[in-house]
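The lines below spell out each chain.
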Amino acid sequence: MTAPKTIKKTPLNEVCRKYGGKMVDFYGWQLPMQFEGILKEHEAVRNSAGIFDVSHMGQIFVTGANAFKLVQKINTNDFRKATIGRGLYSHMLNQEGGIIDDVICFCLALNRYLIITNAATTEKDFEWIKKKADKMNLKVENKSGQFAMVAIQGPNAPQIVKKFKPETENMVRFRILETEFKGEKIFISRTGYTGEDGFEIIASNSVIAEVWEEIMQLGQAYSIKPCGLGARDTLRLEAGYLLYGQDIDDKHTSLQANCGWVVCFTKGSFIGKGILEKQKKEGIKRKLAGIVLKERGVPRSGCKVYLEGEEIGNLTSATFSPTLKKGIGMGYFNNTGLKPGREIEVEIHSRKIKGEICKVPFYKGTAFAN
Amino acid sequence: MPNAEEVKYTKTHEWVHVEGEIAVIGVSEHAQSEMGDIVFVELPKLGQNLEKEKPCAVIESVKSAFDVYSPLSGEVTEVNENLNSDPALINSSPLENGWIFKVKISNPDELNELMNLEKYREFVKQNA
């Protein structure tokens, strides 16, 4: 990934600074690393609520009679399951089965879909989708520049968002709702990247600061805290969520990334299917798995992992888990007997620390409740 | 217990407090604030002979790992075992309960190379 020359600011830049955000550059965007501190923010999301600026994420709209057909073609997941007002987590693959992006794609209407993309991949995704939509008489629009986004996450998030918009009360997970705020159209989905229940609100750049302030005000009684990228990373990693560009990329397939659950082989053809079928038949030689440390130490991405003294791979993401109080991580390992409980060693500062292969998610928050 | 005025500082953000022939060593208030929440400290070994400006301990925060460089040469006489159970002591009390290790000073001349608080503050400002 090449670093963009200019650093982009989200419409919440001022607001984040006002709340004490320590700003850093993240994939070309200036975003808060932390406010009060990563651990406090992490705990707030696990126990009460947190609000995140996620305006760097992209929004691509596909409109037209063939929208469903295109969405089915470019995604691994089966969008027959996504009826109006519902979304699915999915992978978009290239012809070689490599992951172009991991997205959440919502069905807004029979002829209209909204695809939420990663910050650094939005442009690439947009070009890819346009190319694949060729001659399908579809309108493909990248509206990332007009929309901003906040995430409200944590066990108290539903009560806060219910006060913001009462109609969110009965939304189940991965539902999306179109409504209005200050005369502007906004989208509210019951989704997130923390492992806790919560919502994401997409609103135009002009009203997003007011959304943030109103949520902060309503959330006060529910101990809401502004949260940064640091907590977002520890939370998503505990929940076993992958980070594009770090855990997955176009060099790995969904099956190698241990994401067979987002691939539907019975839905008909989709881009990359042939390679996945071949991998499924022949077996995966290298696969993503989780590790947990049994001794003290903090694993980091890049750390080497050993099985019976032999190097089997590197960690792609790893951290100290604030909830489990242990080192956790994931990475691609040679796929030989990688059952949970299998002893491994992780090299940290030239020392080998004992750990074991473990199931992912490392921690199941309220998002996994239903 | 030392206060910020009494201790000497290194360019790598450690502080040193001399108590007779023993030097107590930790990291500065500024350093702990930059590191963020500290979750693990790899302490030097008792009896280990440290060389000046060589890494001798590792502080891990949620964000990243930071090396601690010994400000002085000498033998490690004591390490702060409390950091094993409560590494965040460095965050809450960097100059007091969050001290990291003690060395027996082998070359007192090395102390002359350290900065006082005023110079250290200037150094931090320049390198901000």
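About the cut-offs
- Residues numbered from 1 in each chain as written.
- Chains lettered and ligands numbered in written order.
- Predicted model: local features only at pLDDT ≥ 70, side-chain atom pairs only at ≥ 80, totals over all residues.
- Heavy atoms only, no water.
- Helix = DSSP H or I, 4+ residues; strand = E, 2+ residues; numbered from the N terminus.
- Rg over C-alpha atoms; globule rule 2.2 N^0.38 Å.
- Contact = heavy atoms within 4.5 Å.
- Buried area = accessible area lost by both parts, 1.4 Å probe.
- Salt bridge = Lys/Arg side-chain N within 4 Å of Asp/Glu carboxyl O.
- Polar contact = N/O pair within 3.5 Å; in protein donor to acceptor, adjacent residues only side chain to side chain.
- Nonpolar A, V, L, I, M, F, W, Y, C, P; charged D, E, K, R; others polar.
- Domains from an automatic or database assignment.
- Phe/Tyr/Trp six-rings, centres within 6.5 Å; stacked < 30°, edge-to-face > 60°.
- Buried < 20%, exposed > 50% of the residue type's maximum accessible area, 1.4 Å probe, protein only.
- Pairing = 2+ DSSP bridges.
- Axes fitted to C-alpha atoms, helices over the stretch in contact; angles between N-to-C directions.
- Lys, Arg positive; Asp, Glu negative; His and termini not counted.

Regarding its fold elements, chain B presents four helices and nine strands. For chain B, the sequential pattern of α-helices and β-strands runs β-β-β-α-β-β-β-β-β-α-α-β-α. On C-alpha atoms alone, chain B measures out to a radius of gyration of 13 Å, which is about the 14 Å that the 2.2 N^0.38 rule sets for 128 residues. Its C-alpha atoms give chain B principal-axis dimensions of about 35 × 35 × 25 Å.

With that settled, consider the interface of chain A and chain B. Each side of the interface is counted separately: chain A has 17 residues, and chain B has 14 residues. For the pair chain A and chain B, the summed buried area comes to about 1,300 Å², and 54% of that belongs to carbon and sulfur atoms. Ranking the residues of chain A by area buried against chain B places Arg 296, Arg 300 and His 349 of chain A at the top, with a combined share of 42%. Inspection of the chain A/chain B interface yields two salt bridges. When the shortest N-O distance is used, the salt bridge between Arg 351 of chain A and Glu 42 of chain B registers 3.1 Å. Linking chain A with chain B are eleven residue pairs in polar contact (both at pLDDT 80 or more). Here the element with the most residues in the side of chain A that touches chain B is helix α2 (residues 38-47) of chain A; it accounts for three residues. A breakdown of the residues in the side of chain A that touches chain B according to their chemical character gives six nonpolar, six polar and five charged.

Bringing the domain arrangement of chain A into the picture now. All names here are of chain A. Annotation of chain A at the domain level lists domain 1 (8-57 + 145-238), domain 2 (59-127) and domain 3 (285-368). The C-alpha-based centres of domain 1 and domain 3 are spaced at 30 Å. Each partner contributes residues to the interface: domain 1 has twelve residues there, and domain 3 has 17 residues. For the domain 1 and domain 3 pair, buried surface summed over both sides reaches about 1,200 Å², with 61% attributable to carbon and sulfur atoms. Broken down residue by residue, the surface that domain 1 buries against domain 3 is led by Gly 195, Leu 237 and Glu 238, which jointly contribute 50%. Inspection of the domain 1/domain 3 interface yields eleven residue pairs in polar contact (both at pLDDT 80 or more). For the side of domain 1 that touches domain 3, the secondary structure elements donating two or more residues are α2 and α7 (229-238). By residue number, the principal contributor to the side of domain 1 that touches domain 3 is α7, which donates four residues. Looking at side-chain class alone, the side of domain 1 that touches domain 3 contains three nonpolar, three polar and six charged residues.

Right, let's talk about the packing of aromatic side chains for a bit. Residue and element names in this part refer to chain A. Tallying each qualifying case throughout the model produces eleven aromatic pairs over all chains. Centre to centre, the rings of Phe 147 and Phe 187 are 6.1 Å apart; their planes meet at 70 degrees, and the pair counts as edge-to-face. Placement of Phe 147 in strand β10 (residues 147-153) and of Phe 187 in strand β12 (residues 184-189) is noted, with a sequence separation of 40 residues between them. Judged by relative accessible area, Phe 147 falls into the buried class, the value being 11%. A residue is classified by how much of its surface remains accessible, and Phe 187, at 2% relative accessible area, is buried. Members of the aromatic cluster, connected to one another through ring pairs, are Tyr 19, Phe 35 and Trp 212.

On to the pairing of strand β7 (residues 99-109) of chain A. Residue and element names in this part refer to chain A. Burial of β7 is extensive: ten of the eleven residues sit out of reach of the surface. Two successive antiparallel strands, strand β6 (residues 86-93) and β7, enclose a turn made up of five residues, where Gly 97 displays a positive phi of approximately 85 degrees. The hairpin formed by β7 and strand β8 (residues 112-117) contains two residues between the paired strands.

A separate point is the sheet that holds strand β6 (residues 55-61) of chain B. All names here are of chain B. Taken in spatial order, the three strands line up as β4-β6-β7 in an open sheet, and their pairing is antiparallel. Both outer strands of the open sheet, β4 (38-42) and β7 (65-69), are each paired with one neighbouring strand and no more. Strand-to-strand, the axes of this sheet are offset by a mean angle of 25 degrees, without reference to chain direction. Sheet topology places β6 next to β7; five bridges connect them, and they run antiparallel. Within the sheet, the bridge partner assigned to Val 58 lies in β7 and is Asp 67.

Moving on: the side chain of Glu 41 of chain A. Residues and elements named next belong to chain A. Mapped onto the secondary structure, Glu 41 falls in helix α2. The charged side chain of Glu 41 is buried without a salt bridge, its nearest counter-charge being Lys 225 at 8.2 Å. A polar side-chain atom of Glu 41 sits 2.6 Å from the main-chain amide nitrogen of Phe 35.

A separate point is the side chain of Glu 238 of chain A. Residues and elements named next belong to chain A. Looking at the element boundaries, Glu 238 is found in helix α7. At 2.7 Å, the side chain of Glu 238 and the side chain of Thr 323 are in polar contact. Discounting residues that sit within four places of it in the chain, Glu 238 has contacts with His 42, Arg 46, Ser 321, Pro 322, Thr 323, Leu 324, Ile 328, Pro 361, Phe 362 and Tyr 363.

Following the criterion strictly, the structure yields 26 salt bridges over all chains and no others. Residue Asp 197 of chain A is joined to Arg 190 of chain A by a salt bridge in which the shortest nitrogen-to-oxygen separation is 2.8 Å. What makes Asp 197 of chain A buried here is its relative accessible area of 15%. Note on Arg 190 of chain A: relative accessible area 11%, which makes it buried. Across the pair Glu 60 of chain B and Arg 300 of chain A runs a salt bridge whose closest N-O atoms are separated by 2.5 Å.

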